[in-house]
Amino acid sequence: MMLRTQHRMTSILISCCLLCSGAVMAKEDLSLSDKTATAEALSRQTEQEQLAKARQAASETEQRQQEVLQRQEAGEWQAEQRAKAQAEFNQRETREQKYLREAAEAAAKTRKIPQP
């Protein structure tokens, strides 16, 4: 009889454990679904923020491109580049003329080689 009572108590204890674990699992499932919903909301929010940043970056890039195109169309950039190139050319020409003049003067001088 004692064995039957122990067996009965054991089976009741096991049943209680199973019921409790089932309740805990249901609670975990609920929290997991809550976590999933929170994660999905966060994911959507992050995606929207990234899209907004991408749109802003694209807009800024477009504005910079328009500014560059306007400067090029106005000819300011090309005029600056031409002026720089002309100034460099003039400097080279002036140096070249100076070297040629010095070479002509040196060639015109008579040199005397001292006798030993």
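Residues numbered from 1 in each chain as written. Predicted model: local features only at pLDDT ≥ 70, side-chain atom pairs only at ≥ 80, totals over all residues. Heavy atoms only, no water.

## A few points about the overall build of the protein chain
The criterion, for reference: Each helix is a run of H or I in the DSSP string that is no shorter than four residues. Each strand is a run of E no shorter than two, and both are numbered from the N terminus. Each residue is assigned to one of three classes by its accessible area relative to the maximum for its type, calculated with a 1.4 Å probe on protein chains only: buried under 20%, partly exposed between the two thresholds, exposed over 50%. In short, Shrake-Rupley with a 1.4 Å probe defines the accessible areas, and a residue's cover is counted only from the protein chains shown.
The helix and strand tally for the protein chain stands at two helices and zero strands. For the protein chain, with 116 residues in total, the buried portion stands at 1%. Per element, the accessible surface of the protein chain, about 11,200 Å² overall, is 58% carbon and sulfur.

## Quick look at the pattern of salt bridges
As a reminder of what qualifies: Only one rule defines a salt bridge in this text: a Lys or Arg side-chain nitrogen within 4 Å of an Asp or Glu carboxyl oxygen.
With the rule as written, the count across this model stands at one salt bridge. Taking the shortest distance from any N to any O, the salt bridge between Glu 105 and Arg 101 comes out at 3.7 Å. A residue pair is termed a helical-turn pair when its members lie 3 or 4 positions apart in one helix, as Glu 105 and Arg 101 do in helix 2 (residues 76-108) at four residues. Note on Glu 105: relative accessible area 44%, which makes it partly exposed. On the basis of relative accessible area, Arg 101 is assigned to the partly exposed category, the value being 46%.

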